[in-house]
Amino acid sequence: MDKKNIPMHWKILIGMSLGVFLGLALAQFEWGPSFVRDWIKPFGNIFINALKLIAVPLILASLIKGVSDLKDLSNLSKMGFRTVFTFVLTTIVAVCIGLLLVNLIKPGASISEETRLDLLSSYETEASTNISKAVVQQETGPLQGIVDIVPENFMGAAADNRNMLQVIFFALMVGVGLILIPGDTAKPVKEFFDGLNEVILKMIDIIMMAAPVGVFALLATLVIDSPSLDLFAALGMYAFTVILGLLLMIGVYGLMVYFFTRRSPLSFFKGIAPAQLLAFSTSSSAATLPVTMERVTEHLGVPKEVASFVLPVGATINMDGTSLYQAVAAVFIAQAFGLDLSLGTQLGIILTATLASIGSAAVPGAGMVMLVIVLAQAGIPEAGLALIFGIDRPLDMCRTVVNVSGDAAVSSLVAKAVVSSDKLAKAQLEEVQV
Ligand code: ASP
């Protein structure tokens, strides 16, 4: 096979495997870890930075173009409603799967008293840092989340990738403005953003050429920095429960795509494989966004105006993997402390995990910070975070894959609905004309 024809997901997989292999090999030498940190890790950082660099301009250009292409505000509100409705529904399904599994498997019951005390003391400091971060979030009023969506200064919003919702808000307003002003006046502005959008898509292609090297560096670093195998064994049942739940969620997406769009799940997952691998390697839906966008538009046939609306919003608020993990982690900690959670409390977890996942930033480790809120609401000791801290990164990698897959699945569903309703409207118009 010609080198050029190797599909991207294979190249990324090869990069990942070599990274793990090299990390394991170098860990055997005393100088290995510092060599990896000094000479390999920077390439991973450059790759992630390059992806993050284009996130804000991408959202801006593609969303403004996408919304202004809709031509009609009712199309936007229809799409918005469908998108948010499906996001919330899939998140609730994810939390329910998590709760069901953790209650059936009871991973917390198998943690011995000794291991529990060990883990609590090893990760005490890290856990309390997370708790204090979450307390800041908790202390704000109930409507603060909505207030935070509206930035007081565009430059301020665009200056921080964590402010994605603010950039989305601004882009939506510009798009709506473009629909409402006369076509002649809107034309040059639209053309500018169309052109900018094309340039950014090309930049994604260029950055993706470096993906195999980027993931190689990321994985080698991860292996060097990962905790001991003993920890994995102690928390094995917990990790198994989370991963099983995440796999079931992937199955749910396959079924959703099959039933609503008639696309085979295999071709759907093949289409988004590079985005999934990148989500796994970077643990960040935000960093993966440019690639998710490219894959669904170019390989799954999702129209650009749909993808440019659904995906940025999804990357920020639709985190099914995170919500599932939060439900499992909360009940696991309760089990480990010997607490019995009532049905009412578990129903409360459905609500808080849904909200906490919406509030989680699309960056590594964010889900764990927001988990504190779920624990607090359910009356589970927040110090329990220390129990799961050591194994959080690998689970973060897996839940990010689910977060990104969920966004892609919903974009296919919304695309199908939009295309069908367009066809219906055209047919009705033709009928009237006849
Ligand atoms: N890393 C996840 C994401 O970016 C968020 C989380 O920590 O669960 O999608």
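Refer to the preceding data block for the structure.
Residues numbered from 1 in each chain as written. Predicted model: local features only at pLDDT ≥ 70, side-chain atom pairs only at ≥ 80, totals over all residues. Heavy atoms only, no water.

Considering the pattern of salt bridges
In this structure the tally under the stated criterion is 8 salt bridges. Here Asp69 makes a salt bridge to Lys65, at a shortest N to O gap of 2.8 Å. Here Asp69 and its partner Lys65 are both found in helix H2 (residues 32–69), 4 residues apart, which amounts to about one turn of the helix. Put simply, Lys190 and Asp69 hold a salt bridge, and the shortest N to O gap is 2.7 Å. Taken together, the residues Lys190 in helix H9 (residues 183–209) and Asp69 in helix H2 connect sequence positions 121 residues apart. On the basis of relative accessible area, Lys190 is assigned to the partly exposed category, the value being 21%. Through salt bridges that share partners, Lys65, Asp69, Lys190 and Asp194 make up one connected network. (Salt bridge = Lys/Arg side-chain N within 4 Å of Asp/Glu carboxyl O. Helix = DSSP H or I, 4+ residues; strand = E, 2+ residues; numbered from the N terminus. Buried < 20%, exposed > 50% of the residue type's maximum accessible area, 1.4 Å probe, protein only.)

Quick notes on helix H15 (residues 304–317)
Counted at 1.5 Å a residue, the expected span for H15 with its 14 residues is 20 Å, and the 20 Å between its end C-alpha atoms agrees. Taking burial as the measure, the 14 residues of H15 include 12 buried ones, the bulk of the element. When H15 is considered as a whole, its buried residues turn out to be Val306, Ala307, Ser308, Phe309, Val310, Leu311, Pro312, Val313, Gly314, Ala315, Thr316 and Ile317. (Expected span 1.5 Å × (residues − 1).)

With respect to the site of the ligand
Looking at the ligand, there are 16 residues lining it, with Ser285, Thr322, Gly367, Asp396 and Arg399 nearest. Taking Ala362, its main chain carries an N or O atom lying 3.3 Å from an oxygen atom of the ligand. Asp396 places a side-chain nitrogen or oxygen 2.7 Å from a nitrogen atom of the ligand. For the ligand, the protein covers 100% of the area, taking 270 Å² as the surface of the free molecule. Within the residue set of the shell around the ligand, elements represented by two or more residues are helix H18 (366–378) and helix H20 (392–433). Broken down by element, the residue count for the shell around the ligand peaks at 4 residues, all from H20. (Near = heavy atom within 4 Å. Polar contact = N/O pair within 3.5 Å; in protein donor to acceptor, adjacent residues only side chain to side chain. Areas by Shrake-Rupley, 256 points an atom, 1.4 Å probe, with all protein chains shown as cover.)

What about a nonpolar patch on the surface?
Taken together, the side chains of Trp10, Leu13, Ile14 and Leu18 make up a nonpolar region of the molecular surface, amounting to roughly 380 Å² of accessible area. The residue Leu18 is located in helix H1 (residues 8–26) in this model. (Patch = residues over 30% accessible without salt bridge, like charges linked within 9 Å, V, L, I, M, F, W, Y side chains within 5 Å.)

Concerning the nonpolar core
Tyr238, Leu278, Ile349, Leu371 and Ile388 are the most contacted members of the largest nonpolar core, which has 125 residues in total. Examining the composition of this core, we find that 13 residues originate from one element, H2, more than from any other. Here Ile388 is in contact with Leu235, Tyr238, Tyr325, Ala329, Phe332, Ile333, Met368 and Leu371, once residues within four sequence places are set aside. Val36, Ile40, Ala217 and Ala220 belong to the second largest nonpolar core, which has 6 residues in total. (Core = buried A, V, L, I, M, F, W, Y, C linked by side-chain atoms within 4.5 Å. Contact = heavy atoms within 4.5 Å.)

Here we look at helix H17 (residues 343–359)
When the terminal C-alpha atoms of H17 are compared, their 24 Å separation across 17 residues agrees well with the 24 Å that a helix rising 1.5 Å per residue should span. Looking at the packing, one finds that the buried side of H17 touches helix H3 (73–105), H15, helix H16 (320–336) and H18.

Regarding the packing of aromatic side chains
Here the distance between the centres and the angle between the planes together describe a pair of aromatic rings. With the rule as written, the count across this model stands at 8 aromatic pairs. Ring centres of Phe81 and Phe85 lie 5.9 Å apart, and the angle between their planes is 20 degrees; this geometry places the pair in the stacked category. Of the two residues, Phe81 and Phe85 both sit in helix H3, 4 residues apart, roughly one turn of that helix. Note on Phe81: relative accessible area 59%, which makes it exposed. Through pairs of rings, three or more aromatic residues link up here, namely Phe29, Trp31 and Phe35. Stacked on the ring of Tyr258, the Lys or Arg Arg262 has its end atom at 5.0 Å from the ring centre. When the ring centre of Tyr325 is taken as reference, the NZ or CZ atom of Arg399 above it lies at 3.9 Å. (Phe/Tyr/Trp six-rings, centres within 6.5 Å; stacked < 30°, edge-to-face > 60°. Lys NZ or Arg CZ within 6 Å of the ring centre and 35° of its normal.)

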